[in-house]
Amino acid sequence: MRFRSVSRIWLLCSISVVAPSILTPSIGAQQSQPAQAPPAPQSNSAQNGGDKAKPDSANPDDPNPKNDRIFLVIPNYTTVELPTKFTPLSMKAKFKLGAEDAFDPYAFPLAAILAGIAQARNDDASWGQGFKGYGKRYAAGFGDATIGSFMTTGVFPSMLREDPRYFREGKGGFRHRSGFAVKRLFVTRTDSDHSQFNFSEFGGNAVAAGISLTYHAREDRNLSTFTSDLTTQIAIDFIANQLKEFWPDIRHKIFKK
């Protein structure tokens, strides 16, 4: 199992352990409050006027902010926070999501840190130490993340006409919503707004894990490494779905936003 994947799971697991203790009281409070009426729709002049939506959650009134970073750090381009009318993504939009996730500024320092840790552990031992070995580990780790993003967000969703976004449940108790997040790992929306098995998640990650074997050290090119990488990535996405579902509640409780 590559240390890159282990480190990300450790980070996400740490957050997922802390999050419910912060989140559960806020969900209970929301359930005890009467339902509020939905906001009145804006006029065309207001929607098309000077105050346009800004990226990176700069506009707090935007119901589906662009890249509302989880804990202000982790990229979150594919979450639809308040699903309303379903609009399918074009192929270009799917690949754009994959590129935004792969080349987010967060990805570069993360790859650098994890490459340094991998070098300290002497992962891919045949690459040796020094700047040359570090460069190979950095390139391989960054390549793993980039290929995975494009396969699961751009390539497979475009071929299979699946929607790579995560549409939050946003209502109900913690157990119900957590179960919904687990279900969406296996079931996804199609471009025609139907449900089907999430081939992009499993097929895309399988292809990415297979490609990864071609450029990592020769001693890691085996079925055990492939299986480990694939199951690790599925586990990461499992935890990521939980964070996508509950992050707006955590954000509201911490930042009152």
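Before reading further, recall that the structure is shown in the block above.
Definitions and cut-offs
- Residues numbered from 1 in each chain as written.
- Predicted model: local features only at pLDDT ≥ 70, side-chain atom pairs only at ≥ 80, totals over all residues.
- Heavy atoms only, no water.
- Helix = DSSP H or I, 4+ residues; strand = E, 2+ residues; numbered from the N terminus.
- Buried < 20%, exposed > 50% of the residue type's maximum accessible area, 1.4 Å probe, protein only.
- Contact = heavy atoms within 4.5 Å.
- Areas by Shrake-Rupley, 256 points an atom, 1.4 Å probe, with all protein chains shown as cover.
- Axes fitted to C-alpha atoms, helices over the stretch in contact; angles between N-to-C directions.
- Parallel < 35°, antiparallel > 145°, perpendicular 65-115°, else oblique.
- Left-handed = near helix turned anticlockwise from the far one by under 90°.
- Nonpolar A, V, L, I, M, F, W, Y, C, P; charged D, E, K, R; others polar.
- Patch = residues over 30% accessible without salt bridge, like charges linked within 9 Å, V, L, I, M, F, W, Y side chains within 5 Å.
- Salt bridge = Lys/Arg side-chain N within 4 Å of Asp/Glu carboxyl O.
- Phe/Tyr/Trp six-rings, centres within 6.5 Å; stacked < 30°, edge-to-face > 60°.
- Lys NZ or Arg CZ within 6 Å of the ring centre and 35° of its normal.

## As for the overall build of the protein
Of regular secondary structure, the protein possesses eight helices and four strands. If you list the helices and strands of the protein from N to C, you get α-α-β-α-α-α-β-α-β-β-α-α. Scored against the burial criterion, the 257 residues of the protein give a buried share of 42%. Taking as baseline every contact in the protein between residues at least 6 positions apart, the subset at least 24 positions apart corresponds to 70%. Within the structure as shown, the protein displays about 14,100 Å² of accessible surface, and the carbon and sulfur contribution to it stands at 63%.

## With respect to the packing of helix 6 (residues 174–186) against helix 8 (residues 223–255)
For the pair helix 6 and helix 8, interaxial distance at closest approach is 9 Å and the crossing angle is 140°. One finds that helix 6 runs oblique with respect to helix 8. Our pair here, helix 6 against helix 8, has a crossing hand that is right-handed. Here helix 6 contributes Phe 174, Arg 177, Ser 178, Phe 180, Ala 181, Val 182, Arg 184 and Leu 185 to the contact with helix 8, which in turn contributes Ile 234, Asp 237, Phe 238, Asn 241, Gln 242, Glu 245, Phe 246 and Asp 249. When grouped by side-chain class, the residues that make up the contact of helix 6 with helix 8 number eight nonpolar, three polar and five charged.

## Concerning a nonpolar patch on the surface
Residues Met 159, Leu 160, Phe 186, Phe 197 and Phe 199 make up a contiguous nonpolar surface patch of roughly 480 Å² in combined accessible area. Here Leu 160 is to be found in helix 5 (residues 130–160).

## Observations regarding the environment of Arg 251
Among the secondary structure elements, Arg 251 is positioned in helix 8. As for Arg 251 and Asp 68, which are separated by 183 residues in sequence, their C-alpha atoms are 9.8 Å apart.

## Side note on the packing of helix 4 (residues 107–121) against helix 5
Relative to each other, helix 4 and helix 5 sit at 130°, their axes nearing to 8 Å. Relative to helix 5, the element helix 4 is oriented oblique. As for how helix 4 packs across helix 5, the hand of that crossing is right-handed. On helix 5, the residues touching Ala 107, Phe 108, Ala 111, Ala 112, Ala 115, Gly 116, Ala 118 and Gln 119 of helix 4 are Gly 130, Gly 133, Tyr 134, Arg 137, Tyr 138 and Phe 142. Taken together, the residues that form the contact of helix 4 with helix 5 break down as nine nonpolar, four polar and one charged.

## What to know about the pattern of salt bridges
This structure, assessed with the given rule, holds 11 salt bridges. Salt-bridge contacts for Lys 94 lead to Asp 191; the nearest nitrogen and oxygen are separated by 2.9 Å. Here Lys 94 is found in helix 3 (residues 91–102), whereas its partner Asp 191 is found in the loop between strand 3 (187–189) and strand 4 (195–197), with 97 residues between them in sequence. Overall, Lys 94 belongs to the buried group, its relative accessible area being 2%. Three or more residues joined by partner-sharing salt bridges are found here, namely Arg 168, Arg 177, Glu 245 and Asp 249.

## Some thoughts on the environment of Tyr 138
Among the structural elements, Tyr 138 can be located in helix 5. For Tyr 138 and Ala 111, which are 27 residues apart along the polypeptide, the C-alpha to C-alpha distance reads 6.0 Å. Residues within four places of Tyr 138 in sequence aside, it is in contact with Phe 108, Ala 111, Ala 112 and Ala 115.

## Considerations on the packing of aromatic side chains
Applying the stated criterion to the full structure yields 12 aromatic pairs. Summarising the aromatic geometry, the rings of Tyr 166 and Phe 180 are spaced 6.3 Å apart at their centres and angled 70° between planes, so their arrangement reads as edge-to-face. With a gap of 14 residues between them, Tyr 166 in strand 2 (residues 166–167) and Phe 180 in helix 6 connect regions that are remote in the sequence. Of the two residues examined, Tyr 166 and Phe 180, each falls in the buried class. Ring pairing ties together the aromatic residues Phe 103, Phe 108, Tyr 138, Phe 142 and Phe 150, which thus form one cluster. One cation-aromatic arrangement involves Arg 189 over Phe 167; the distance from NZ or CZ to the ring centre is 4.3 Å.

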